[in-house]
Amino acid sequence: MQFSRIRLENWRNFGEVDVAVSTRVFLVGANASGKSNFLDALRFLRELVILGGGFQKAVLDRGGVTTIRNLAARRNASIALDIDLSDGEERKWRYRLVFGQDSLRRPVLREEKVWDADDNVILDRPDKKDADDDARLGQTQLEQVFANKQFREIAGFLRSIKYLHIIPQLVREPERTAAGYKNDPFGSDFLEQVASSDKRSQKARLRRIQDVLRALVPQLAEIELWRDGGIPHLRGKYQHWRPHGAWQTEREFSDGTLRLVGLVWALQDGQGPLLLEEPELSLHPEVVLRLPQLLYRIQRSLKKSPRQTFISTHSLELLQDEGIGAHEILLLITSKEGTFVCRGASDEMIRKELEAGLTIADVVLPRTAPDTLTQLTLL
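Before going into details, it helps to say that this report is about the structure given with it. Values in this document were obtained by computation on a predicted structure and should not be read as measured data.

Next up on the list: the layout of surface pockets. Quantified by volume, the largest pocket comes out at close to 680 Å³. What lines the largest pocket is a set of 31 residues, and nearest its centre among them are Arg46, Ile50, Lys182, Asn183 and Pro185. Each residue belonging to the lining of the largest pocket can be placed in one class, and the counts come to 11 nonpolar, 9 polar and 11 charged. Lining the second largest pocket are 16 residues, with Met1, Gln2, Gln271, Ser305 and Pro306 sitting closest to its centre. Tallied by class, the residues present in the lining of the second largest pocket amount to 4 nonpolar, 9 polar and 3 charged.

Attention now goes to the packing of helix H12 (residues 348-355) against helix H13 (residues 360-368). Closest axis-to-axis distance for the H12/H13 pair is 9 Å, and the angle between their directions is 145°. For the element pair H12 and H13, the recorded crossing hand is right-handed. Here H12 contributes Met349, Ile350, Glu353 and Leu354 to the contact with H13, which in turn contributes Ile360, Val363, Val364 and Arg367. The residue makeup of the contact of H12 with H13, split by class, is 6 nonpolar, no polar and 2 charged.

Note that Lys113 resides in strand E6 (residues 107-115). When residues no more than four places from it in sequence are discounted, the contact partners of Lys113 are Arg94, Tyr95, Arg96, Val121, Leu123 and Asp124.

Our focus in this paragraph is empty space enclosed by the protein. Where empty space is left becomes clear once a probe the size of a water molecule has been rolled over the atoms. Under the criterion given, the structure shown has 3 cavities of 30 Å³ or more. The computed volume of the largest cavity comes to approximately 70 Å³. What lines the largest cavity is Leu164, His165, Ile166, Arg259, Leu263, Leu276, Glu277 and Pro279. When residues of the lining of the largest cavity are traced back to their parent elements, those giving at least two are helix H9 (255-268) and strand E12 (274-277). Looking at side-chain class alone, the lining of the largest cavity contains 5 nonpolar, 1 polar and 2 charged residues.

Our next topic: the sheet that holds strand E10 (residues 231-238). Overall, antiparallel pairing links the 3 strands, which are arranged E9-E10-E11 in an open sheet. Looking along the sheet, the strands with just one partner apiece sit at the ends: strand E9 (220-228) and strand E11 (246-249). Within this sheet the neighbouring strands show an average axis-to-axis angle of 30°, counted without direction. Two strands pair when backbone bridges link them, and E9 and E10 are joined in this way by 8 bridges, in the antiparallel orientation. Bridging from a neighbouring strand, Leu225 pairs with Leu234 of E10. Contacts from helix H8 (residues 199-216) reach E9 and E10, with the element oriented near 140° to E9.

Strand order in the open sheet formed by 6 strands is E8-E12-E13-E3-E14-E15, and the pairing between neighbours is mixed. Since the sheet does not close on itself, it has two edges, and those belong to strand E8 (162-164) and strand E15 (338-343), each with one partner. Taking the axes of each pair of neighbouring strands and ignoring which way they run, one obtains an average angle of 20° across the sheet. Two strands pair when backbone bridges link them, and E8 and E12 are joined in this way by 3 bridges, in the parallel orientation.

Relative to the 20 Å expected for 14 residues at 1.5 Å per residue, H9 spans 20 Å between its end C-alpha atoms, a close match to the ideal helical length. Within H9, 13 of the 14 residues are buried, leaving the element largely enclosed by the surrounding structure. Backbone geometry just downstream of H9 places Gly270 in the positive-phi region, at approximately 100°.

In this section: H13. Considered for burial, the residues of H13 that qualify are Ile360, Ala361, Val363, Val364, Leu365 and Thr368. Looking at the buried residues of H13, the elements they touch are strand E3 (24-29), strand E14 (329-335) and H12.

Think of two packed helices as two axes; the pair is described by the angle between the axes and how far apart they sit. Where H9 contacts helix H11 (residues 291-301), the two axes come as close as 9 Å, and the packing angle between them is 40°. The angle between the axes of H9 and H11 places the two elements in the oblique class. Crossing handedness for the pair H9 and H11: right-handed. Between H9 and H11, the contacting residues are Leu260, Leu263, Val264, Leu267 and Gln268 on the first element and Leu291, Leu294, Leu295, Ile298 and Gln299 on the second. Its residues assigned to classes, the contact of H9 with H11 comprises 8 nonpolar, 2 polar and no charged.

Most of E3 is tucked away: 6 of the 6 residues are buried. Burial of E3 is two-sided: the residues Arg24, Phe26 and Val28 facing one way and the residues Val25, Leu27 and Gly29 facing the other way are all buried. Note that E3 and strand E13 (residues 309-313) share 5 bridges and pair parallel. When the sheet's bridge partners are listed, Arg24 is paired in E13 with Thr309. Judged from the 4 bridges that link them, E3 and E14 form a sheet pairing that is parallel. The residue of E14 that forms the bridge with Val28 is Leu331.

Parameters at a glance
Residues numbered from 1 in each chain as written. Predicted model: local features only at pLDDT ≥ 70, side-chain atom pairs only at ≥ 80, totals over all residues. Heavy atoms only, no water. 1 Å grid on protein atoms, 1.4 Å probe; cavity = no way out; pocket = protein on both sides within 12 Å on 5 of 7 lines; lining within 4 Å. Points joined across faces, edges and corners; volume = space filled by probe spheres on them. Nonpolar A, V, L, I, M, F, W, Y, C, P; charged D, E, K, R; others polar. Axes fitted to C-alpha atoms, helices over the stretch in contact; angles between N-to-C directions. Helix = DSSP H or I, 4+ residues; strand = E, 2+ residues; numbered from the N terminus. Left-handed = near helix turned anticlockwise from the far one by under 90°. Contact = heavy atoms within 4.5 Å. Pairing = 2+ DSSP bridges. Expected span 1.5 Å × (residues − 1). Buried < 20%, exposed > 50% of the residue type's maximum accessible area, 1.4 Å probe, protein only. Parallel < 35°, antiparallel > 145°, perpendicular 65-115°, else oblique.

Next up, the structure:
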């Protein structure tokens, strides 16, 4: 399954969003336009159903309802997340969650609904039981195993979402692993994740990473996982004038190398939606130019169905790829009422400019530049 439509109401930057999404999605917008916040809505849905998560924790981890709610929202306006899930052709499920806060500022459900493929309503809350016991509105039924049997497939799908934004400095600090971090999307326990994976899969994935890195660093002959006193390390063997070369660990790897290692590993790890935040950071422009092709080829080499990928970016090089279609672009445009999201394929001018031979970068990046940008040079 994959997301086929996403609707947001009063979620952070966004007053109202209703967009269809494809298998590959590029979020393009100015700084602070809401690219990260759009991805965070999907992370929020995942956190509803993961072990140790849940509705209350997901809201409070973000500072509470007041912090999440759009600043331009009217007084006591509720927050809504509404998604369609499809099998690539037809819609299978629709899930809608609306929430606000009570007089004590505690998160509380206003609405929770589930529709099946035939548009039958499977769940509709609040119901009579909620009316008899309003404490029930502190939890979603989606997160409760005893209550979500009819639509548990939705919970399984949301649990498969993976968010990645590797921070190389965290990967280089192995003591953070001992501090209890688990599946940290910023990489503090990334090497432990690699070390704890199935050995056969681990070798195959590292072999693909090695092939990718060799294209960028020809002197890199080998890459492997290595433990020193129980602490996992990634090390690479570099060829030089000495016949046996020399080994370097992740502490000596460049930021770009570590981010690329994390990216290629994540592409091979799981089949659910993958959320990538500015994957171009620390990479050479020529590498960034080929990233869309690299993502496609790695997934194709795994002989799996294309994995839905959401990529936030404002990279000129990345968006120059001629294989990117207007239907894959979500353009984030800021206003006093919040950020609006426009699908590239729904903008007639964008379609005409692309048909005239311009690239996605030529067409959409100028539309996201702040009007006051020229004032920057006057400061």
